[in-house]
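Structural features, examined
Here's the letter readout for the chains.
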Amino acid sequence: MEHTAPKLEPAIIVIFGITGDLAKRKLLPALYHLVKNDLLHDKTEIIGVTRGQMSMNELLATIELCVNEKDGICDPVAVQKLKKKLRLRKMEVTKSSEYESLLEELNAIEDSFKVCMNRLFYLSIPPNVSQPIISFLGKHGLNKSCQHNKAKSRLLSEKPFGYDYKSSQELMDETKKYFKEDQIFRIDHYLAKETVQNILSFRFSNPIFQPLWNSKHIDYIEVMANEKIGIEGRVKFYEQIGALRDLIQSHLLQVLALVAMEQPDENSSESLHQSKVKLMAEIQAVPPNKVVADSVRGQYDTYLQEVDNSKSNTETYAALRLQITNKRWAGVPFIVRTGKGLSEKSTKIRIVFKPTDLAPHHNILTFRLQPDEGIELSLRVKKPGYSTEIQPAEMDFSYKRTFNAEGHPDAYERVLVDAVRGDHTLFATSDEVMQSWRIVQPVLNEWSKASDGLNAYSSGSQGPKLPESWKIL
Ligand code: BG6
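Residues numbered from 1 in each chain as written. Predicted model: local features only at pLDDT ≥ 70, side-chain atom pairs only at ≥ 80, totals over all residues. Heavy atoms only, no water.

Another point: the overall build of the protein. Helices and strands together make up the secondary structure of the protein, namely 14 helices and 16 strands. Relative to its length of 473 residues, the protein is compact, with a C-alpha radius of gyration of 23 Å against a globular reference of 23 Å. Reported as C-alpha extents along the three principal axes, the dimensions of the protein are approximately 75 × 50 × 40 Å. The buried share of the protein, taken over its 473 residues, is 54%. In the protein, of all internal contacts separated by at least 6 residues, the share reaching a separation of at least 24 is 76%. For the protein, the distance from the average site of its 62 positive side-chain charges to the average site of its 61 negative ones is 1 Å. (Helix = DSSP H or I, 4+ residues; strand = E, 2+ residues; numbered from the N terminus. Rg over C-alpha atoms; globule rule 2.2 N^0.38 Å. Buried < 20%, exposed > 50% of the residue type's maximum accessible area, 1.4 Å probe, protein only. Contact = heavy atoms within 4.5 Å. Lys, Arg positive; Asp, Glu negative; His and termini not counted. Charge placed at Lys NZ, Arg CZ, Asp CG, Glu CD.)

And the structure:
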């Protein structure tokens, strides 16, 4: 298990947006867990950047720090250790001179430990603020470590990477002025989920499925992320983003690529990304004249009230039917869909196999990303006894049962560990991000023109009905 990951080299982790939602819900609990499991180097320091005047105790009082623990209980010794490592820094992030003193602080930490450390800048902030911060970091030399070729300066950033194709390209271009691609870690926390990592292992380590993984045997593939929660107070963020950008452009297209890509030539991060981006380039952007037929959008019924905007056109549900234009997948629809305010949390990939004349049922291979992570295969079996009746049954692999695990590392722990050790495998490259914007851009364009076609659905329901023509089981 990755809990036994090698101890990391010393690092200074600077978190922009330490009082934000993500830092409180995910990053700080992940850091606590890493400290508790003694994975961070003793000399690692964490600087939380905030605009306000918050004390450490005030910040920690607003956080459920130990949610990742099995019993949910904090170990007081580990909390003290985390507090010792963490310092808050009040900073006006749009003021150039503030970066001079940030640099001085980093140098002083390294001087006191007499070591050149990896520097990690974690941007847990909205995209419009990221861009100036990246430029300031670059202009003030924070894109370099304290000694040439010793340790590294790295940028970790959270989606959304831009707002559309054009703004994403601008962000990438601006970032490239100061940070090389191998210094940039674009987080997609889905890639760090254990079940998502298992997609490739499952596909390429089980030869029985390899001859079946194509249009001859597969009817369609569905990647879905249904959420019970609504927008949870993130009004400003969500009003600008909507479901298509929030989940499909980012997480679900990455997952789809892992399901459909060819086996990488080598077992390396570069080779994996090459294979993934090749596949993404083969996903057809939905043509404008097919947006109506190949997409569905919806909004849950209490949304307008929640965001206090009776005219909001923002979708809380989005579904696309995509095609991949290569030999393996010609003619196989890929359905990607997501929604908030639905009846249950359920993130799944369903590989629906074709029936035959003699066996007129679909076998379905399902990857359960959450909850109850696992993989199941639906089969038909004879009912025991004198009858010859056939009935459905499941072969079911469950992480919980098989590994009886103390749990696996949370996605954010994995993200932090991999960024400190410089492993890009579970991060999105700029080419991948641009490909996924290319795929969704025509839909964004069409949807922005008019709100007709935005289906209202009741909170707690299954969401809007998908078109009959999609033939989803
Ligand atoms: C985030 C989205 O990226 O993923 C959220 O911004 C969403 O809106 C979340 O709720 C879902 O993540 P998970 O891991 O709960 O499926």
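And the narrative resumes.
A word on the packing of helix α5 (residues 127-139) against helix α6 (residues 165-178). Two measures define how a pair of helices packs: the angle their axes make with one another and the distance between the axes. Running from N to C, α5 and α6 cross one another at 15°; their axes reach a closest spacing of 8 Å. The angle between the axes of α5 and α6 places the two elements in the roughly parallel class. For the pair α5 and α6, the sense of crossing is left-handed. Residues Q131, I134, S135, G138 and K139 of α5 pack against E170, L171, E174, T175 and Y178 of α6. Its residues placed into classes, the contact of α5 with α6 shows three nonpolar, four polar and three charged. (Axes fitted to C-alpha atoms, helices over the stretch in contact; angles between N-to-C directions. Parallel < 35°, antiparallel > 145°, perpendicular 65-115°, else oblique. Left-handed = near helix turned anticlockwise from the far one by under 90°. Nonpolar A, V, L, I, M, F, W, Y, C, P; charged D, E, K, R; others polar.)

The buried count for strand β8 (residues 295-300) comes to six of six residues, which makes it a mostly enclosed element. Here β8 shows no split at all, with S295, R297 and Q299 on one side and V296, G298 and Y300 on the other all buried. Taken together, the four bridges between β8 and strand β9 (residues 317-322) define a ladder with antiparallel strand orientation. Bridged to R297 within β9 is A318. Here β8 runs beside strand β16 (residues 454-457); their pairing, made up of four bridges, is parallel. By the bridge assignment, Q299 is partnered in β16 with A456. (Pairing = 2+ DSSP bridges.)

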